[in-house]
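The chain contents come next:
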Amino acid sequence: MAEMTLDEKLAQLYGVWVGASDDGGGDVAPHQHDLNDDVDLDALLPSGLGQVTRPFGTAPVDAAVGALSLARMQQRIVGANRLGIPSAAHEECLAGFAAWGATAYPVPLSWGASFDPALVERMARRIGGDMRSVGVHQGLAPVLDVVRDARWGRVEETIGEDPYLVATVGTAYVRGLEASGVVATLKHFVGYSASKAGRNLAPVSIGPRELGDVLLPPFEMAVREGGARSVMNSYSDLDGVPSAADRRLLTELLRETWGFDGTVVADYFAVAFLKLLHGVADTWADAAAAALEAGIDVELPTVKAFGEPLRAAVSTGAVPMELIDTALRRVLRQKAELGLLDAGWSSVPPALAGLGLADADLADADGAHADRLRGRIDLDPPGNRALARELAERAVVLVRNDGTLPLAADGADVPRVIAVIGPNADDPYAMLGCYSFPTHVVTQHPGVEMGIRIPSLLEALRAEFPGSEVRHAVGTSVDGGETDGLTEAVELAASADVVVLALGDRAGLFGRGTSGEGCDAETLALPGAQQALVDAVLDAGTPTVLALLAGRPYALGRAVSESAGIVQAFFAGEEGAGAIAGVLSGRVNPSGRLPVSIPASPGAQPTTYLAAPLARASDVSNVDPTAAFPFGHGLGYATFEWSELAGGETSIATDGAATVRLRVRNLGERAGAEVVQLYLHDPVASVVRPVQRLVGFGRVELAAGEAAVVRFTVPADLASFTSRTGERIVEPGEIVLSVGRSSGDLVSAHSVRLAGPVRVVDHRRALHPTVEIDRVGA
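How each quantity is defined
Residues numbered from 1 in each chain as written. Predicted model: local features only at pLDDT ≥ 70, side-chain atom pairs only at ≥ 80, totals over all residues. Heavy atoms only, no water. Helix = DSSP H or I, 4+ residues; strand = E, 2+ residues; numbered from the N terminus. Rg over C-alpha atoms; globule rule 2.2 N^0.38 Å. Buried < 20%, exposed > 50% of the residue type's maximum accessible area, 1.4 Å probe, protein only. Contact = heavy atoms within 4.5 Å. Areas by Shrake-Rupley, 256 points an atom, 1.4 Å probe, with all protein chains shown as cover. Lys, Arg positive; Asp, Glu negative; His and termini not counted. Charge placed at Lys NZ, Arg CZ, Asp CG, Glu CD. Phe/Tyr/Trp six-rings, centres within 6.5 Å; stacked < 30°, edge-to-face > 60°. Lys NZ or Arg CZ within 6 Å of the ring centre and 35° of its normal. Salt bridge = Lys/Arg side-chain N within 4 Å of Asp/Glu carboxyl O. Polar contact = N/O pair within 3.5 Å; in protein donor to acceptor, adjacent residues only side chain to side chain. Patch = residues over 30% accessible without salt bridge, like charges linked within 9 Å, V, L, I, M, F, W, Y side chains within 5 Å. Pairing = 2+ DSSP bridges. Axes fitted to C-alpha atoms, helices over the stretch in contact; angles between N-to-C directions. Left-handed = near helix turned anticlockwise from the far one by under 90°. Nonpolar A, V, L, I, M, F, W, Y, C, P; charged D, E, K, R; others polar. 1 Å grid on protein atoms, 1.4 Å probe; cavity = no way out; pocket = protein on both sides within 12 Å on 5 of 7 lines; lining within 4 Å. Points joined across faces, edges and corners; volume = space filled by probe spheres on them. pLDDT = per-residue confidence, 0-100.

Peer 1: What is the right way to look at the overall build of the protein in this model?
Peer 2: Secondary structure assignment for the protein yields 23 helices and 30 strands. In terms of overall size, the protein behaves like a compact globule, its C-alpha atoms giving a radius of gyration of 26 Å where 778 residues would be expected to give roughly 28 Å. Each principal axis of the C-alpha atoms in the protein carries an extent, and together these give about 75 × 65 × 50 Å. Of all 778 residues assigned to the protein, the portion counted as buried reaches 63%. Expressed as a percentage of contacts within the protein between residues at least 6 apart in sequence, the contacts between residues at least 24 apart total 78%. Here the protein displays about 26200 Å² of accessible surface, and carbon together with sulfur accounts for 49% of that area. The positive charge centre, built from 63 side chains, and the negative charge centre, built from 97, are 4 Å apart in the protein.

Written as C-alpha cells, this is what we have:
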C-alpha cells in the first residue's frame, strides 16, 4: 500500500464488466446497458483492476474456452500493472455456478424445503469447487433475505419465511462454498425482502424488532458460524436511509459489533443508485464518498463513481485518503488469502493446468488452444447430477394426498391412462429459477442450446410409467390468460384414470416471467388462467394431482380440498422432473416441508406464519390470513408415531437451558424421514412477540420399524428478543416449548419458567439448541 499511487489504490476498489454491453444478448442485470459505460481497458489496466465481473455468466461460452479467456485476461492484467496484482473474478452461484453447461441445482427455496443443511453444504462445496477450478474466486450467494411478502418476485431466491431456517441452511451453504476456497457473499444486507407491497427495490419501513429479530439473524449466524468473507448491500432503503450509505449497518453493526473483517461489495450499480434512484447524492463523487464512508469497499459491477469522480474528490481533499486506505486494506488482505499475491502465482486455473496448460501457453493468437480445449471441462459431471437429484428429491413437498398417491403403490394397478395437463408439463425451463444460467442468459441468446440436459415433467412421467399411456394437453399458458384450450384439457382429463396438472411459474427477469427478480405479483392467485384450468379439470371428475413448479406459493382455490393430491416443487433444478415423477410413482418417499406457507386466499398479503396475535384471524376483521397449508407442513408415504413426549426442567435461570424429548417410530413398511420441529411461544413479554417461532429442528431418517429418541436442549438465549430499549434481552417469565410436525400441528407443549433478572445478551449468545438423535431399534 505504501508504494501505491492514488490511481493504483482506486483501481483495486472497482470491477469491470467486459463485454456486458456488446455481447449480442439482452440485459442480465437492471440498468446494465444504461450504466455500463464503454471501458477502455488499455487505459485502465496500467493502474490495475480489483475485480472481473461475470466472465462466465454474461454470455454462453464453453467452460474450457471461458477459463482460457479468463486466464489470458488475468495475464494481461498482471502484466499491465507495475505491482503485478491479479483481479478477483466473481460469478453468480445462487442455484449452481451460473455458467453455460454447469449443473443447475434446485433454487434456495428448495434448499429450505429439504430442511437438510448438511446436504446443502455438500452442494455448495461442489459449486465452489467447479468455480475455483476455472479461475473464479468469489460467489455472489447465498441470499439470506427472509420472506415477508410472498408477492415479492425474488421469493424463489430465498430459503423461506423463517429466520432460523434461513440462517441454518444459509450458513451451511456458506461453509460449503468457503471450504472450496471461494469467497461467499451474503446478500442482501439488509431489509430487501420487506419492501412495501412486495415490489422490487421498493422502500422498506420496518421497526427495530423486525430488523433485529427477523431480518438480521441469518446474516449474524453466517458471519459468526459460516466464516463468510464478503457481504453485499441491499438495494433498498431502511426508513429513508439507503443501505449502500448506511454506516450504522455496514460499519457499526457488521464490523464493529459482529467483528466481520471481510469485504463489503456493492450490489450492481448500488453506488450509482445513491444518485440516480435514492436522491441522496448530488454527484458521482458524493455517491462514492457516501458509500465508502458507510463501509462499501468495492463498486460493482463496473466502474462509475469509484473511478475519476472519486479520484478528483480525493485530490481536492473532499474525500480523505483514510477512507480509500481502509477499503484497500480489506481488498488486498482478501486477495492475499486467496493466494493472488503469492510469489509465483499462476493465472492458469486448476482445470486448465490439469489439461497441461501453463502460463507460457496462453498466447493463442490463432485460437489453436481454444479449439483443442473446447469441450474438455465438464461442469455437469455425474456426481453433480446425482447430488442435484438427491436434493431435488428431498425438497419436493407432498402437500395433500387423499390416498391416490403413490400411483404405483405396491399391489396397486398402475394407471392405464395418465393425462398430463398444464403449461409447465412439457417445458424444461419450468424446472429453473431466474438465476439459473439457461433462464438468466441463454434465453437472451436465441438459437443457443440450453447447455445441460433437463427433462420436462412430461418426459420424466413417460419414463417413470412405461406401462401407462401418458397423454398431454397444454390447457393454457402460464400467464397469457387463454381459455380456448380448456375444452381439450377437460376432454383429456375425463378420458384418463388420473390427471397430473402441471402448473406454476415461468422464471424470468424484470417482467419477463411470473417469478424472479423484478417479477412481482399483485396477488397470490395462480398466474393467467391457470385457476380456471384447475376448476375445469376438477369438474371433469377424474382424480387430479396438482404438480406445482413455481418460485412462490400460490392460493389454489378448490384444489385445497377437492384435488386428489398436491405436490409442490420450488424450481427443483435439472433433476427436478425425475424427482417429482418419483414422488408421484412412490419410488421416492417425499420428506420435504414447506419453507413458506401456502395461502388460502390470494389477497391476504403480506402474511407469514411468524405472526403476532393481531396478525392472525380475529373477530374484528373480515380478512382471514390463515394459511391453507402452514410453514413446516409436509406429508410422506410412511407413518410416524410420536410418543413419550416429555419436557425436563420446569424452571431454569435466564442463563440456563431446558430439555424436550420424544420418541419417533416409523410404523410404515419402507424407510422415510420425519422432520421434528421445535417451536417457542412466549405468552407474556414486554413487547409483542410472534405466537410461534421455530428455534430448532431435527431431520430423522428411519428404516421401516426403526425408532429414535430425539432430544432438544434449549438454551434460554433462544428466547431472547429486541427490547424496548433496543438491547437484546432474555427476560424472566413463562415460555412454552412445543415439538410439531409443522407450525400448525404442534404435538406437545412444555411450559418452562425463566427465573432471575433480565439478562442482556449480544452476538455471542447461543444460536441453536443441541439436537441429539439416538436410534433405539424397533
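Peer 1: In this structure, what is going on with the packing of aromatic side chains? I would like to understand it.
Peer 2: Each aromatic ring pair is specified by the distance between its two centres and by the angle formed by the two planes. All told, the structure shown has 15 aromatic pairs when counted by the stated rule. Ring plane angle 80 degrees and centroid distance 6.5 Å describe the contact between Tyr268 and Phe269, whose orientation is recorded as edge-to-face. On the basis of relative accessible area, Tyr268 is assigned to the buried category, the value being 4%. Its relative accessible area of 5% is what places Phe269 among the buried residues. Between Phe269 and Phe273 the ring centres are 6.4 Å apart and the planes differ by 40 degrees, which places this aromatic pair in the tilted class. When its relative accessible area of 2% is taken as the criterion, Phe273 is described as buried. One aromatic cluster in this structure is built from Trp17, Trp152, Tyr192, Tyr235, Tyr268, Phe269 and Phe273. Over the ring of Tyr435 we find Lys187, and its NZ or CZ is 5.6 Å from the ring centre. Taking the ring centre of Trp642 as reference, the NZ or CZ of Arg741 above it sits at 4.5 Å.

Peer 1: Before we go on, may I ask you to explain the side chain of Lys335 in this structure?
Peer 2: Take Lys335: it is sitting in helix α14 (residues 321-337). Notably, Lys335 is buried but unbridged: the nearest opposite-charge side chain belongs to Glu337, and the N-O separation is 13 Å. Among the polar contacts made by the side chain of Lys335, one reaches the main-chain carbonyl oxygen of Leu49 at a distance of 3.5 Å. Not counting residues within four places of it along the chain, the set of residues in contact with Lys335 comprises Gln12, Leu49, Gly50, Ile85, Pro86, Ser87, Ala88, Leu340 and Leu341.

Peer 1: Got a minute to help me understand unusual backbone geometry in this structure?
Peer 2: Glycine aside, negative phi is the norm for most residues, and most peptide bonds take the trans geometry. For the bond from Phe189 to Val190, the omega torsion is -5 degrees, close enough to zero to count as cis. Mapped onto the elements of the fold, Val190 is located in the loop between β5 (183-189) and α8 (208-215). The backbone of Phe115 sits at a positive phi, close to 50 degrees, despite the residue not being glycine. As for its position among the elements, Phe115 is in the loop between α5 (108-114) and α6 (117-133).

Peer 1: Looking at this model, I keep getting lost on the pattern of salt bridges. Mind explaining?
Peer 2: When the charged atoms of two side chains with opposite charge come close together, those side chains can pair. Throughout the structure, instances matching the rule amount to 48 salt bridges. The salt bridge involving Glu178 is made with Arg229; its shortest N-O contact spans 2.6 Å. One end of the pair, Glu178, is in helix α7 (residues 163-179); the other, Arg229, is in the loop between α9 (217-226) and β6 (230-233), with 51 residues separating them in the sequence. Take Glu178: its relative accessible area is 13%, and that puts it in the buried class. One salt bridge in this structure joins Arg385 and Glu575, with 2.8 Å as the shortest N-O distance. Here Arg385 is found in helix α17 (residues 382-395), whereas its partner Glu575 is found in the loop between β15 (565-570) and α23 (576-585), with 190 residues between them in sequence. Salt bridges sharing partners connect three or more residues here, namely Asp116, Arg122, Glu390, Arg394, Arg699 and Glu701.

Peer 1: Honestly, a nonpolar patch on the surface in this entry has me stumped. Any pointers?
Peer 2: Together, Leu201, Leu276 and Leu277 make up an exposed nonpolar region whose accessible area comes to about 250 Å². Inspection of the secondary structure puts Leu201 in the loop between β5 and α8.

Peer 1: Is there a simple way to think about the sheet that holds β6 in this case?
Peer 2: Sheet architecture is open: 7 strands sit in the order β1-β2-β3-β4-β5-β6-β9, paired in parallel fashion. Of all the strands in the sheet, just β1 (15-16) and β9 (263-265) have a single pairing partner and so form its edges. Two elements, β5 and β6, share 3 bridges in a ladder whose sense is parallel. Residue Leu186 lies in a different strand from β6, and its bridge partner there is Val231.

Peer 1: Would you take a moment to explain the packing of α6 against α7 for this structure?
Peer 2: Packed helix pairs are characterised by how far apart their axes lie and by the angle those axes make with each other. Running from N to C, α6 and α7 point in directions that differ by 35 degrees, and their axes come no closer than 7 Å. For α6 against α7, the interelement crossing comes out right-handed. Side by side, α6 and α7 meet where Pro117, Val120, Glu121, Met123, Ala124, Arg125, Ile127 and Gly128 of the first sit next to Thr168, Val169, Ala172, Tyr173, Arg175, Gly176, Leu177 and Ala179 of the second. Classifying every residue of the contact of α6 with α7 by side-chain character gives 10 nonpolar, 3 polar and 3 charged.

Peer 1: Before we go on, may I ask you to explain the layout of surface pockets in this structure?
Peer 2: To find leftover empty space, a probe the size of one water molecule is rolled over the atoms. Reported here for the largest pocket is a volume of approximately 690 Å³. Where the lining of the largest pocket is concerned, the elements lending two or more residues are α8 and α10 (247-257). The biggest single contributor to the lining of the largest pocket is α10, with 5 residues. The residue inventory of the lining of the largest pocket, partitioned by class, reads 9 nonpolar, 6 polar and 9 charged. Considering only enclosed or pocket space, the second largest pocket measures out at about 590 Å³ in volume. The element contributing the most residues to the lining of the second largest pocket is α8, with 4 residues. Residues belonging to the lining of the second largest pocket are distributed by class as follows: 11 nonpolar, 5 polar and 9 charged.

Peer 1: Explanation requested: the pairing of β6 in the structure shown.
Peer 2: Consecutive side chains of a regular strand alternate in pointing toward one face of the sheet and then the other. Burial of β6 is two-sided: the residues Ser230 and Met232 facing one way and the residues Val231 and Asn233 facing the other way are all buried. Where β6 meets β9, 3 bridges bridge the pair, whose relative direction is parallel. Across the sheet, Met232 pairs through a bridge with Val265, a residue of β9.

Peer 1: Just checking my understanding: could you explain the confidence of the model for the protein for this structure?
Peer 2: Regions with low pLDDT should not have their predicted coordinates read in detail. Averaged over every residue, the pLDDT of the protein is 95; the share at 70 or more is 97%. In this model residues 20-28 is a low-confidence stretch, pLDDT under 50, and it forms 27 contacts with partners more than four residues away in sequence or in other chains.

Peer 1: Any chance you could explain the sheet that holds strand β12 (residues 469-473) here in plain terms?
Peer 2: Hydrogen bonds between backbone groups are what pair the strands of a sheet, and the pairing can be parallel or antiparallel. Taken in spatial order, the 6 strands line up as β10-β15-β14-β13-β11-β12 in an open sheet, and their pairing is mixed. The sheet is open, and its two edges are formed by β10 (397-401) and β12, each paired on a single side. Adjacent strand axes in the sheet meet at a mean angle of 20 degrees when their direction is disregarded. Two elements, β10 and β15, share 4 bridges in a ladder whose sense is antiparallel. Along β15, the bridge assignment pairs Asn401 with Gly565. Together, β13 (498-504), β14 (544-550) and β15 form the strand contacts of α23, whose direction differs from that of β15 by roughly 160 degrees.

Peer 1: What is the right way to look at the side chain of Asp682 in this model?
Peer 2: Locating Asp682 in the fold gives a position in the loop between β21 (672-681) and β22 (693-702). In this structure, Asp682 is in contact with Arg689, Phe721, Glu734 and Ile735, ignoring residues within four places of it in sequence.

Peer 1: Just to check I follow, could you spell out the environment of Val303 for this structure?
Peer 2: Topologically, Val303 is positioned in the loop between α12 (284-294) and α13 (308-315). Relative accessible area serves as the criterion here: at 16%, Val303 is assigned to the buried category. Separated by 290 residues in the primary sequence, Val303 and Leu13 have C-alpha atoms spaced 8.8 Å apart. Apart from the residues within four sequence positions on either side, Val303 is in contact with Tyr14, Gly15 and Leu44.

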